Amino acid sequence: MNGVLCLFWLFEICCVRFGMDSVYVVEGGGGVEICIGDIVTLSEDAGKAILKVYEQADENWDKQVKSDDSPLTRADLDANDVICSKLKTLTPNIPIMSEENKQVRCT
């Protein structure tokens, strides 16, 4: 959850400094441009997915421990799904690597 909140705050700062309609050009992304406002919306949606899980009783969090002994909950997976789904829409030709996804080969 902290990663999503950090992402959200980072883009909130960008929006205050550059404006919600500012565009970020993705390095190595073939000229892909992303509106900062879209990233803020993505972050907010991921945060809502997290809160939806954490508003439930603890036994519904589907707590697991990963092979590196770090915790994993339904909130982590749901937020990852939201982020990856929206990033695929915003940047369909750029591979996504995340802690919860299988790693993809980048060429």
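Figured I'd write up the structure that's included with this text. (Residues numbered from 1 in each chain as written. Predicted model: local features only at pLDDT ≥ 70, side-chain atom pairs only at ≥ 80, totals over all residues. Heavy atoms only, no water.)

### Some thoughts on the overall build of the protein chain
1) Next: Within the protein chain, the regular secondary structure consists of three helices and four strands.
2) Next: Considering the protein chain as a whole, with its 107 residues, one finds that 33% of them fall into the buried category.
3) Next: Residue pairs in contact within the protein chain that sit at least 24 positions apart in sequence constitute 47% of those at least 6 positions apart.
4) Next: Summing over all exposed atoms, the protein chain offers an accessible surface of approximately 7,400 Å²; the carbon and sulfur share of this is 54%. (Helix = DSSP H or I, 4+ residues; strand = E, 2+ residues; numbered from the N terminus. Buried < 20%, exposed > 50% of the residue type's maximum accessible area, 1.4 Å probe, protein only. Contact = heavy atoms within 4.5 Å. Areas by Shrake-Rupley, 256 points an atom, 1.4 Å probe, with all protein chains shown as cover.)

### Looking at the nonpolar core
One recurring pattern in soluble globular proteins is that nonpolar side chains are buried together.
1) Next: The biggest cluster of nonpolar side chains holds ten residues, and these are L42, A46, A49, I50, V53, W61, A75, A79, V82 and I83.
2) Next: The set of elements that each furnish at least two residues to this core consists of α2 (36–54) and α3 (74–90).
3) Next: A total of five residues in this core trace back to one element, the largest contributor, which is α2. (Core = buried A, V, L, I, M, F, W, Y, C linked by side-chain atoms within 4.5 Å.)

### Thoughts on α2
1) Next: End to end, α2 covers 27 Å across 19 residues, agreeing with the expected 27 Å (1.5 Å per residue, within 8%).
2) Next: Among the residues of α2, those classed as buried are I36, G37, I39, V40, L42, S43, D45, A46, G47, A49, I50 and V53. (Expected span 1.5 Å × (residues − 1).)

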